[in-house]
Amino acid sequence: MGLDFSVIPKYLDIVLLGAVWTIAITIGAAVVSFFGGILLAVIALYAPKIIRWPFQAFSFLFLGTPLLLQLFLIYFGLVQIGIDVPAFMAGVIGLGLHFAVYNSELFQTSILAVDKGQAEAARTLGLSRMQTLRKVVVPQAVRDVIPPIGNNMIALLKDSALVSVIGVSELTLSAQRAIGSTYRPFEFYVLVAAIYYIINLVMEAVLRHVERRIQVSR
Amino acid sequence: MSNPHPFVDIRHAQKSFGTLEVLKDISLQVDRGQIVAIIGPSGSGKSTLLRAINDLDPLTGGEIWLEDKQINKSLPYRQYEKNINDVRQEIGMVFQHFNLFPHLKVRENVTLAPKMLKGLSDTEANALAEEQLTKVGMIERIDYYPSQLSGGQKQRVAIARALAMKPKVMLFDEATSALDPELVEEVNLVMKKLAEEDMTMIIVTHEMGFAESVCDRVLFMDQGVVVEEGPPDVIFRNPKNERTRNFLRKHLAGAAS
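Treat the numbers as computed from the prediction; the structure is a model and nothing was measured. (Residues numbered from 1 in each chain as written. Chains lettered and ligands numbered in written order. Predicted model: local features only at pLDDT ≥ 70, side-chain atom pairs only at ≥ 80, totals over all residues. Heavy atoms only, no water.)

Explain the overall build of chain B residue by residue, including any values.
In terms of helices and strands, chain B carries nine helices and ten strands. Taking 2.2 N^0.38 as the reference for a compact globule, 257 residues should give roughly 18 Å; the C-alpha atoms of chain B span a radius of gyration of 18 Å, in line with that estimate. Principal-axis analysis of the C-alpha atoms gives chain B an extent of 55 × 50 × 40 Å. Across the 257 residues that make up chain B, the buried fraction comes to 56%. For chain B, the accessible surface area stands at approximately 11,300 Å², while carbon and sulfur atoms represent 48% of it. Taken together, the 31 basic and 36 acidic charged side chains of chain B have centroids lying 2 Å from each other. (Helix = DSSP H or I, 4+ residues; strand = E, 2+ residues; numbered from the N terminus. Rg over C-alpha atoms; globule rule 2.2 N^0.38 Å. Buried < 20%, exposed > 50% of the residue type's maximum accessible area, 1.4 Å probe, protein only. Areas by Shrake-Rupley, 256 points an atom, 1.4 Å probe, with all protein chains shown as cover. Lys, Arg positive; Asp, Glu negative; His and termini not counted. Charge placed at Lys NZ, Arg CZ, Asp CG, Glu CD.)

Would you mind going over the UniProt feature "domain: ABC transporter" (unreviewed entry) in chain B in detail, with residue names and values included?
Using the residue numbers shown here, the UniProt feature "domain: ABC transporter" (unreviewed entry) corresponds to residues 8-248 of chain B. With 40% helix and 25% strand, residues 8-248 of chain B has end C-alpha atoms that lie 27 Å from one another. (UniProt positions renumbered as here; feature names shortened; annotations may be inferred.)

Break down the pattern of salt bridges for me, with residues and values.
All names here are of chain B. Following the criterion strictly, the structure yields 24 salt bridges over all chains and no others. Across the pair D143 and R107 runs a salt bridge, and its minimum N-O distance is 3.4 Å. Note that D143 is positioned in the loop between α4 (122-135) and α5 (151-163) and R107 in helix α3 (residues 106-118), a separation of 36 residues in sequence. Here D143 falls in the partly exposed class, since its relative accessible area comes to 42%. Taking the shortest distance from any N to any O, the salt bridge between K115 and D122 comes out at 2.9 Å. Judged by its relative accessible area of 36%, K115 is partly exposed. Look at the salt bridges and you will find they share partners, linking R32, E67, K69, E90 and K168 into a network. (Salt bridge = Lys/Arg side-chain N within 4 Å of Asp/Glu carboxyl O.)

So, in structure tokens, the structure goes:
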């Protein structure tokens, strides 16, 4: 049996709709992981032990267990204790928190790398610790860590395929559905791989643009 | 006397890092409008003393007062923070390495603290920034980033940033030491201008000529103590202490070579 790419157009709308869901999940989870990562980093570095410890236990849980299992737990597990999370939300939260923990490690390093004179200058003007973090230290730390955070976001895009297992009709699952009707796995998997790749290229371009924009304020 | 305290009052300041004593029982009173220079070899404790005045390097003993407020009062965390943030608004500080905020434009460097701490509107804050940047001759660079400025320009912006909080005292921590020689003068001129406006200033410096021309009083510090103190013509022309003489001789020889 040879390859037959002529089956693709009929299912293209399903696949493209899947791509839209993949992009939506990636953006949602990226936002959660970005701000969650900053929050976790600030807590890890500055919060008193009583707050820090539970958050670190939580972080370790997300680092030390498979993402797939985390998605199962959020989507199938939480229902049992009365928390019914819709599949899309479960995907955004699961991916978002998982990558927030990775981003937090990067933010912690970059927050500590901001020149001590910066915080001193801000404190000398009368800014409080929190105001100094918010307006002076964190913005610089974020700026310095954009490239590696971008790499995490590209990993996030690829890991968003896992969300197919909890029934979100994203790119991978929509391909599987098309394959279910056509029995043409090679054609559709190649198509979907190409789409992931294109989204990836767009993300890289956006990232490079952001990096150039922040160059001047160094 | 309406005010029982001198304007800035350092009483028996002591500071140790472990067993190393950096400040050994230093007292210093500065009156309103006075300009005091602190000179001395590196490691003498002069920067530590200056940084203790706004509690960046907290003392291990002694008291520091600004008018009727004790700066280094031992208080529970929250009260300490509130107290220190209030007094720091009244004490401007200028650093050797400028410490401008690189992610903010010149304008925003100046307006950040007044907006956050004094609740100034955008219009008010912009007017304030323009006023202060005009004073230091940096108004043309108001929409530049710090990375686009020379060292002397950065330091003048840093002075404008401190002045925007309308401080009662200005502290200068070797403000010109990191500058190329040809850029020192523009910063010195700004400091002279402040002196003419009767700003109270405490200046840690290696610029003996500048100290002599601007200051009312000079302190020579060495190994954590004030070795000699007096009006600039006495300290520079006719120092009584052997260590002061040695330091000035070495320093002038170094500056001449």
